Amino acid sequence: MGGLSDNEQYFDVSFEKLEISDASYQGIEFEECQFTDCDFSGVRFAGCKFINCEFLKCNLSLFSLPNSRLFGVTFVESKLVGVNWTLAEWPIYHVDFELKFVRCILNDSSFFGLTLNELVMDECKLHDVDFREGDFTGSVMTLCDFTNSLFMHTNLQNADFSDSVSYAIDVLENRIKGATFSRYEALNLLESLGIELVD
């Protein structure tokens, strides 16, 4: 498959080793498409749609999605550093957009204020990621590294943090009822209460 064209519709197309950096596209619709080993770093997809698509081993760092819509999109072993997910369009009548990130790097990204229920993040690196003011009810965030990530007024009810590490979640400033944490890492939650633990 060659390059991409504005206002085009791609259905059930496989894109492999497509390298496009710092380009800008508009009004493209991708449905049931698969992207493998593609480099879209710094690419701007404005007013586009990604429906039931999969990105495998792609570089999507600093790509932007102003007014674009995503539904049923899976990212596997991909690099998504510095992505501002708040630029995309998330219709308020939806709460679960079936987004999945598996073994991805999402450092320095922002999910500020988004409602993304049942978001899946499995075995991901999430350093310096902004989850403040968001609603991630029922999300799966397992085997992840949350070093220096921000949680404030975040709804994490019924979320699963099993085997995840390095999160700093203030139990008084976030909603965590029904959430699952690994036993030893859960001790971090007590730090926000000023409790001192002794053996």
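So, here is what we can say about the structure in this document. Everything numeric here is computed off the predicted structure, so don't read it as measured data.

## Some remarks on the packing of aromatic side chains
Stage number 1. Applying the stated rule across the entire model yields 32 aromatic pairs.
Stage number 2. Taking 6.2 Å as the distance between ring centres and 85° as the angle between the ring planes, the aromatic pair formed by Phe 30 and Phe 45 counts as edge-to-face. In this pair, Phe 30 sits in strand β4 (residues 29-31) while Phe 45 sits in strand β6 (residues 44-46), placing the two residues 15 residues apart along the sequence. Of the two residues, Phe 30 and Phe 45, neither departs from the other in class, the shared state being buried.
Stage number 3. Seen in terms of ring centroids, Phe 75 and Phe 101 are 5.0 Å apart; in terms of plane orientation they differ by 5°. Their pairing is stacked. Separated by 26 residues along the polypeptide, Phe 75 in strand β10 (residues 74-76) and Phe 101 in strand β11 (residues 100-102) bring together distant segments of the chain. Like Phe 75, the residue Phe 101 is buried in the burial classification.

## A word on the nonpolar core
Stage number 1. Counting residues in each nonpolar core, the largest one holds 59 residues, and the members touching the most others are Phe 30, Phe 35, Phe 45, Phe 50, Trp 85, Phe 101 and Phe 111.
Stage number 2. The residues touching Phe 45, leaving out its near neighbours within four places in the chain, are Leu 4, Tyr 25, Phe 30, Phe 40, Phe 50, Phe 63, Ser 64, Leu 65, Pro 66 and Ser 68.

## Let's talk about the pattern of salt bridges
Stage number 1. Tallied over the full model, the rule gives four salt bridges.
Stage number 2. Of the charged contacts, one joins Lys 17 and Asp 37 as a salt bridge, the two residues approaching to 3.7 Å between their closest N and O atoms. With Lys 17 in the loop between β2 (14-16) and β3 (24-26) and Asp 37 in the loop between β5 (34-36) and β6, this residue pair connects regions lying 20 residues apart in the sequence.
Stage number 3. Arg 69 is paired through a salt bridge with Glu 89; the nearest N and O atoms lie 2.7 Å apart. One end of the pair, Arg 69, is in strand β9 (residues 69-71); the other, Glu 89, is in the loop between β10 and β11, and 20 residues separate them in sequence.

## So, the sheet that holds strand β7 (residues 49-51)
Stage number 1. Ordered by their spatial adjacency, four strands build an open sheet running β1-β4-β7-β9, and the pairing between neighbours is parallel. A strand with exactly one partner marks an edge of an open sheet, and here the two such strands are β1 (9-11) and β9. On average, each strand axis in the sheet is tilted by 5° relative to the strand beside it, whichever way the strands run.
Stage number 2. Across three bridges, β1 lies against β4 in parallel orientation. Note that in β4 the partner of Tyr 10 across the bridge is Phe 30.

## Quick look at a negative patch on the surface
Stage number 1. A surface patch of negative charge is lined by Asp 12, Glu 29, Glu 31 and Glu 32.
Stage number 2. Its place among the elements puts Glu 32 in the loop between β4 and β5.
Stage number 3. A relative accessible area of 37% places Glu 32 in the partly exposed class.

## So, a nonpolar patch on the surface
Stage number 1. Taken together, the side chains of Leu 172, Leu 193 and Ile 195 present a nonpolar region at the surface, about 290 Å² in accessible area.
Stage number 2. Topologically, Leu 172 is positioned in the loop between β14 (160-161) and β15 (180-181).
Stage number 3. Among the residues examined, Leu 172 registers a relative accessible area of 65% and is labelled exposed.

Thresholds, definitions, all that
- Residues numbered from 1 in each chain as written.
- Predicted model: local features only at pLDDT ≥ 70, side-chain atom pairs only at ≥ 80, totals over all residues.
- Heavy atoms only, no water.
- Phe/Tyr/Trp six-rings, centres within 6.5 Å; stacked < 30°, edge-to-face > 60°.
- Helix = DSSP H or I, 4+ residues; strand = E, 2+ residues; numbered from the N terminus.
- Buried < 20%, exposed > 50% of the residue type's maximum accessible area, 1.4 Å probe, protein only.
- Core = buried A, V, L, I, M, F, W, Y, C linked by side-chain atoms within 4.5 Å.
- Contact = heavy atoms within 4.5 Å.
- Salt bridge = Lys/Arg side-chain N within 4 Å of Asp/Glu carboxyl O.
- Pairing = 2+ DSSP bridges.
- Axes fitted to C-alpha atoms, helices over the stretch in contact; angles between N-to-C directions.
- Patch = residues over 30% accessible without salt bridge, like charges linked within 9 Å, V, L, I, M, F, W, Y side chains within 5 Å.
- Areas by Shrake-Rupley, 256 points an atom, 1.4 Å probe, with all protein chains shown as cover.
- Lys, Arg positive; Asp, Glu negative; His and termini not counted.
- Charge placed at Lys NZ, Arg CZ, Asp CG, Glu CD.

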